Structure formats: structure tokens, C-alpha cells
Amino acid sequence: MTIKELRKRFISGELTPLEYMEELLETIRQKERKINAFTHLEKTDTLLKEAELWTEKYKSGEELPPLAGIPVAIKDNIAVKDMPLTCASKILQEFTSPYDATAVRKLKEAGAIIIGKTNLDEFAMGSTTEFSIFGPTHNPVDLERVPGGSSGGSAASVAAGMVPVALGSDTGGSVRQPASFTDTVGIKPSYGMVSRYGLVAFASSLDQIGVLAKNVEDASLIIRVIAGKDKYDATSRELSVKNIFDAFETIDGVKIGVWKELDNHPAEDGVMKVWDDAIMKASKEFQMIPVSLPDIASGIASYYLIAPAEASANLARYDGVRYAWRVLDASTYKEMVKRTRTIGFGKEVKRRIMIGTFALSAGYQDAFYKKAVAMRYRIMQNFEEAFKQVDVILVPTSPKLPWKIGQKMSPSEVYKADLYTIPVNLAGLPAVSIPAGYVDNLPVGIQVIGKYGEDEKVWAVADKLMGLWR
Ligand code: GLN
């Protein structure tokens, strides 16, 4: 059932928010032990009470806000008042948020019920949701495999039917790649469309809140609710979206670009097979035009300097003084800070802080950071050129199928798997990952990428393509 269908039933009384919540809680009871999607669940009593309240209000026949009684899960790097905000890190393990992120506030104002917080790679740095103080999340499609990351908990909670929609965050692919791995839809909006206020900063020039859902309609509807300029995030903007329940725009005559250089940077065989089939099917309905994006494969090198550089600055605030947990037996301030950070941060986070600090240090800025930024501009230009010929561009979401939990991979091998998602963040563009098919019982996603601010068009095309590929 889509959110629209749920709402219709809530209004007609065919299903009540209370009954729906009970169903979801039952699914969670059955599956959560094996999947580990959540870092925190709201108390059952509270959830049932909230659902009952909405049930009463629907009965009274009054006009209700668009998401009245719809449960939503929130990635645990986004602030929900009075819930833990851990980023799956030891350093924040005792921290409870005193306020709501703007996106969460808007969801609540729209009547959504916040069901809990979902697992992630520590501080959203990773691609597997294995590197969390709460342990790994398992992929509902195949429990021995990773759900992708870093929004793996959000993706798994949706894929397992524990919740209809979940918020994630996407700095280099963390909404789209888990969507691809779990056979769900992941939307990454244009940079600035959704306020970052209350999203724990990782790499501020790249971070954007996104949504995971079972279909494009639900995911886009949530973005429409949370989008908009916000005085608490100076980079946020009013980008045009339709009213929440409006249909997608018509896409007659839309031109779809297909990334020409993919053959030079191919995905693994299974992914390529699904990709080829999908392009074939799409070309029966749409005008497909090969487009060149010659430099986007250099995005990885650029991103893995820019993101750590920004992270090293953003994570300086975890000093043991301001956010709850610290080592207690240090004899000096300096020792306390040092040991808190040494013990409090995991290996990958420390690796990023060290890379970033190094890249920004005097004498190295020109050699590393500035080159990375120059490459970022070139990637933006690649897209600008390509979008002169087409409306949207297709690229696979991940070069790899979901791999096994615990599989040995070097950091650079994992980084390279971000090949297709990272350029989108560097250029600030909107993109959606949609299910494109299966190979060896594993799902494959394809991204629809659009021009800055043309999110609605991207969703409309993605919705149509998903229909074709199902
Ligand atoms: N895998 C990427 C990284 O580790 C993406 C993370 C993200 O989008 N939050 O940085």
C-alpha cells in the first residue's frame, strides 16, 4: 500500500492508524532480531497511544494533515527531540537530542509518527552499515549480505516492511546505494532542497537528507513535505515542488541520456546484464541518447579528499566536553580530549579525520585540497554540458552487487564502489535510485540523475521507468 492508499483507508475507516501501527510492530517483533535495522525504537505504549489519537481524529471526520498517522523511521544521524542521537558512535552513545531537525519537525507537523532511529555506519562514513556500535544491519533480501550504507538501517526497515518510509542522508551515495542493495527506492534531492538543520554534519557541502521507500510516489511525497528554505540552514533554498498529493508531471518527449563512458568503468557482470536489459526496455518507450561525462570517474579521488577535509573540521566538536560521553579518569584536559577521541571514534572515522587534517595542513592544501576542488568543478561542467542534450541521465547505482557481511575489503576497494553515486553529490544534483531487476537473486538499482532543481522531473521519469522494469 502506498501512503495515498493508506490515507484513503484511514479516512474510510477500512483500516485505522492503530491497526496499521500494530501490524508494523508485529513485523518488527518478528524480523528485527535478525535484521537489526534500528538503533532505538520508541516505546510501544507511546506509539500505540499516538496511533490511537489519530484513529480518533479520523473517526471525527475533521480535516487532517497529509501524513496523519503515517509511521516514519529516522536515520540515527538526524535529530529527533528526546530520542538518542548516536550516529552509531561510541562518542555520542549517551547523547539525547534536545531538539528536532527541521525535516523531522515538518514530518511531525504533517502528522507523521516517528517510530524510531535507524542504524548506520558511524557518522555516515561507510557503505555497508557494518561499522556501528550497534552491530551490523542485515539485508532483508539476503540476511548474510550487507544492506549497503551508510543508511542501511533505513533501507532495511523499509525493505522488510517494518515502516513505509524512512529518512536517510546522502553525502556520497548513502541513500541511493542502500536502496539499490535492498530493492527499494532512494531519493537524493538537489543540494539545498531540504534543510540540513539537525542532520549531524559529515561533509557539509555534500550532505543532503534523502528518503527511502518502496516506490517513487511515497519517497517523493515525503520530500515535498520536508523541502523548503529554512532560516537555520543558509544553504537551503526554496526549490519548486508540487503539492503533496499531486500527480507527477507529464514527461512526453523527455530525452534520456545514457552515460557513454560506462564501458570504460563497467560494473560487475551481473549488474551490467541488468543494466543492458533495462536500457533496452527503456529505449522502446523513450528517446535514449548516449551522453559523455568524461571526468566523473575522477569523482572518487576528489570526494575522498573533500569529504574527509570537511569531516575533520566538523568532527572537531566532539571533544568530550560538549556531547555527553567522555573518559573520566584523565588527569589533564588535553589527555581527556585525546583519550575520549581515541576511544570514542572508530577506525574508519579516525582514518577520515587524519586524511582530512593532512590534506588541509599548510603546504599540502594546494597539492591536494585545491586539486580536488578543481576536479569537482570539472565534474559539474561535465554534467552541464550533457544536460544541454538531455533531460535526465541514467547511470547504474553501484558497480557491485550486495556483498557478504564481513567480507574482507580494503578501504580503497570500498571507496571505489562509490564510483557512480559520488559525482552526483559533487555536482549537487537530484537523483533517484530505482530497482531495475535481479541477478542471482540479488537486486540491482539504476540512478536517474537530473538538472539542479528539476527534482520533480527526475521523480516522474523514475516512476515511469520503475514501472517498465518491474
Ligand atoms: N560511502 C560513502 C562514504 O563512505 C558515502 C557516505 C554517505 O553518503 N554518507 O563516504
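Reading guide: rules and limits
Residues numbered from 1 in each chain as written. Predicted model: local features only at pLDDT ≥ 70, side-chain atom pairs only at ≥ 80, totals over all residues. Heavy atoms only, no water. Phe/Tyr/Trp six-rings, centres within 6.5 Å; stacked < 30°, edge-to-face > 60°. Helix = DSSP H or I, 4+ residues; strand = E, 2+ residues; numbered from the N terminus. Buried < 20%, exposed > 50% of the residue type's maximum accessible area, 1.4 Å probe, protein only. 1 Å grid on protein atoms, 1.4 Å probe; cavity = no way out; pocket = protein on both sides within 12 Å on 5 of 7 lines; lining within 4 Å. Points joined across faces, edges and corners; volume = space filled by probe spheres on them. Nonpolar A, V, L, I, M, F, W, Y, C, P; charged D, E, K, R; others polar. Pairing = 2+ DSSP bridges. Axes fitted to C-alpha atoms, helices over the stretch in contact; angles between N-to-C directions. Polar contact = N/O pair within 3.5 Å; in protein donor to acceptor, adjacent residues only side chain to side chain. Near = heavy atom within 4 Å. Areas by Shrake-Rupley, 256 points an atom, 1.4 Å probe, with all protein chains shown as cover. Sits in = over half its atoms within 2 Å of the grid points.

(A) Representation of the packing of aromatic side chains in the model. Enumeration according to the criterion identifies 17 aromatic pairs in this entry. Arranged with centres 6.0 Å apart and planes meeting at 75°, the rings of Trp259 and Tyr420 form a pair that is edge-to-face. Residue Trp259 is found in strand β7 (residues 255-259), and its partner Tyr420 is found in the loop between α13 (411-416) and α14 (422-427); the two are separated by 161 residues along the sequence. Trp259 gets classed as buried once you look at its relative accessible area, which sits at 4%. For Tyr420, a relative accessible area of 2% translates into the label buried. Ring pairs connect the aromatic residues Phe95, Phe123, Tyr318, Tyr323 and Phe345, which therefore count as one cluster.

(B) Here's a closer look at empty space enclosed by the protein. If you walk through the whole model with that rule in mind, you get one cavity of 30 Å³ or more. The calculated volume of the largest cavity comes to roughly 90 Å³. What lines the largest cavity is a set of 15 residues, and nearest its centre among them are Gly126, Ser174, Tyr303, Tyr304 and Asp418. Broken down by class, the residue content of the lining of the largest cavity amounts to five nonpolar, eight polar and two charged.

(C) Quick look at the pairing of strand β4 (residues 165-169). When you tally the buried positions in β4, you get five out of five residues, the bulk of the element. Going residue by residue along β4, you find Val165, Leu167 and Ser169 tucked away on one face and Ala166 and Gly168 tucked away on the opposite face as well. Two strands pair when backbone bridges link them, and strand β2 (residues 71-75) and β4 are joined in this way by three bridges, in the parallel orientation. For Val72, the partnering residue across the bridge sits in β4 and is Val165. The sheet contact formed by β4 and strand β6 (residues 209-213) spans five bridges and is antiparallel. Of the residues in β6, the one forming a bridge with Ser169 is Ile209.

(D) Representation of the sheet that holds β4 in the model. The eleven strands lie next to each other as β1-β3-β2-β4-β6-β5-β10-β11-β9-β7-β8, forming an open sheet whose pairing is mixed. The open sheet is flanked by β1 (38-41) and β8 (287-291), the only strands paired with a single partner. Neighbour to neighbour, the strand axes of the sheet diverge by 30° on average, direction disregarded. Examined bridge by bridge, β2 and strand β3 (residues 113-118) share five bridges and lie parallel to one another.

(E) Spotlight on the side chain of Asp170. Within the secondary structure layout, Asp170 lies in the loop between β4 and α6 (176-182). By relative accessible area, Asp170 is classed as buried at 0%. Of note is the side chain of Asp170, whose polar atom sits 3.2 Å from the backbone nitrogen of Val175. A distance of 3.0 Å separates the side chain of Asp170 from the side chain of Asn425, its partner in a polar contact.

(F) Just the site of the ligand, in detail. Surveying the vicinity of the ligand reveals 15 residues, the closest of which are Thr171, Gly172, Ser174, Tyr303 and Arg352. Gly173 has a polar backbone atom sitting 3.3 Å from an oxygen atom of the ligand. Burial of the ligand by the protein chains amounts to 99% of its free accessible area of 290 Å². Judged by the fraction of its atoms near the pocket grid, the ligand is located in the largest cavity. Counted by class, the shell around the ligand contains five nonpolar, seven polar and three charged residues.

(G) Molecular detail of the layout of surface pockets. Of the volumes computed, that of the largest pocket is approximately 500 Å³. Lining the largest pocket we find 27 residues, and of these Phe131, Glu348, Arg351, Met409 and Val414 sit closest to its centre. The set of elements that each furnish at least two residues to the lining of the largest pocket consists of α11 (347-360) and α13. If one sorts the elements of the lining of the largest pocket by residue count, α11 sits on top with five residues. Residues belonging to the lining of the largest pocket are distributed by class as follows: eleven nonpolar, eight polar and eight charged. As a volume, the second largest pocket reaches approximately 220 Å³. Along the walls of the second largest pocket sit 13 residues, with Tyr99, Val200, Arg317, Tyr318 and Tyr323 positioned nearest its centre. Of the residues contributing to the lining of the second largest pocket, the split by class is eleven nonpolar, one polar and one charged.

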